[in-house]
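What the coordinates show
Chain by chain, the residues run as shown.
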Amino acid sequence: MTTSQLTEQIHLKKSFLCIGLDVDIDKIPKHLLKEEDPIFAFNKAIIDATHQLVVAYKPNLAFYEAQGIKGFQALKKTIDYLNENHPEIFTIADAKRGDIGNTSGMYAKAFFEDLNFDSVTVAPYMGKDSVEPFLAYENKHTILLALTSNEGAFDFQTQSFDGEELYKKVIKTSKDWNNGQNLMYVVGATKAEHLREIRHLIPESFLLVPGVGAQGGSLEEVCKFGMNRKVGLLVNASRAVIYASEDENFAEAAATEAKKLQQEMASYL
Ligand SMILES: O=c1ccn([C@@H]2O[C@H](COP(=O)(O)O)[C@@H](O)[C@H]2O)c(=O)[nH]1
């Protein structure tokens, strides 16, 4: 999917909401446990109930890897279900990968060819040759961790080296990498006050913004400081949406929470 197609969807749906499919088997409604594949059954119900309200879904790989082969099968079924039924929805493998070049090439092949995600999150700290294998894929997107939503972001990312904060150095340096037009960046909603400066560095890039909902980030502030003339934002909420209810009505409850976020987003567009 191209970024223009993604922007079209944002305007069509009046939404830049991404739902995080972070499925913890211990948190899903108990009646689903008798299904052959409870994780996929949960995801399918959430997708069926919310797809008109969102422009992206983001399964976080940790939740699937934690379930071994069954988790991988559920992930594969989920991405296939999305690509077959909702090809207009942007998909993000939140995997935070990155390694020496030939290994990164294998990660890129796994997420872009085999699983056919539109994008994957990548850690920048092994540098250019660890990221460029992802960037080489046309119409696929590499979402680089810039300023993350967690407290530990202050340990390294906001520390100054040669008078410049490390996350800014990451952003500036990455712009010169081959196929840098395929980059997007992760900026936590909990760090919204940094978005104005980030927008000076990358006025046109899409930002994936996790941290509203369970982590307490403000959607209003994210929009105030982070929105560009083409919107340029994908705001993620996982737990606050998918675990809105533990009962049989969990998918409707998720849709209600997603609708609240979508309506607030519509008011900022
Ligand atoms: O800086 C980051 C990068 C990634 N994440 C991921 O986003 C979701 C957030 O989940 P919530 O339940 O809405 O808090 C989760 O998959 C994180 O691993 C992030 O939170 N911050």
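Conventions we followed
Residues numbered from 1 in each chain as written. Predicted model: local features only at pLDDT ≥ 70, side-chain atom pairs only at ≥ 80, totals over all residues. Heavy atoms only, no water. Helix = DSSP H or I, 4+ residues; strand = E, 2+ residues; numbered from the N terminus. Contact = heavy atoms within 4.5 Å. Areas by Shrake-Rupley, 256 points an atom, 1.4 Å probe, with all protein chains shown as cover. Lys, Arg positive; Asp, Glu negative; His and termini not counted. Charge placed at Lys NZ, Arg CZ, Asp CG, Glu CD. Near = heavy atom within 4 Å. Polar contact = N/O pair within 3.5 Å; in protein donor to acceptor, adjacent residues only side chain to side chain. Nonpolar A, V, L, I, M, F, W, Y, C, P; charged D, E, K, R; others polar. UniProt positions renumbered as here; feature names shortened; annotations may be inferred.

Moving on to the overall build of the chain. In terms of helices and strands, the chain carries eleven helices and ten strands. In terms of overall dimensions, the chain has C-alpha extents of about 55 × 45 × 35 Å along its principal axes. A separation threshold of at least 6 residues defines the contact pool for the chain, and within that pool the share at least 24 residues apart is 74%. When the accessible area of the chain is evaluated, it comes to approximately 12000 Å², of which 49% is carbon and sulfur surface. Computed over 28 positive and 37 negative side-chain charges, the inter-centroid distance for the chain is 3 Å.

Now for the site of the ligand. Surveying the vicinity of the ligand reveals 15 residues, the closest of which are Asp 22, Ser 149, Gln 215, Ser 238 and Arg 239. One of the side-chain N or O atoms of Gln 215 is found 2.8 Å from an oxygen atom in the ligand. Between the ligand and the protein, one listed contact pairs an oxygen atom with a side-chain N or O atom of Arg 239 at 2.6 Å. Contact with the protein chains removes 87% of the 470 Å² of surface that the ligand exposes when unbound. Those elements that place two or more of their residues in the shell around the ligand are strand 3 (90-97) and strand 10 (233-237). Of the residues that constitute the shell around the ligand, the class distribution is four nonpolar, six polar and five charged.

Our next topic: the UniProt feature "domain: Orotidine 5'-phosphate decarboxylase" (unreviewed entry) in the chain. When the UniProt feature table is mapped onto this chain, "domain: Orotidine 5'-phosphate decarboxylase" (unreviewed entry) is found at residues 16-254. Across residues 16-254, the secondary structure splits into 38% helix and 18% strand, with the terminal C-alpha atoms separated by 16 Å.

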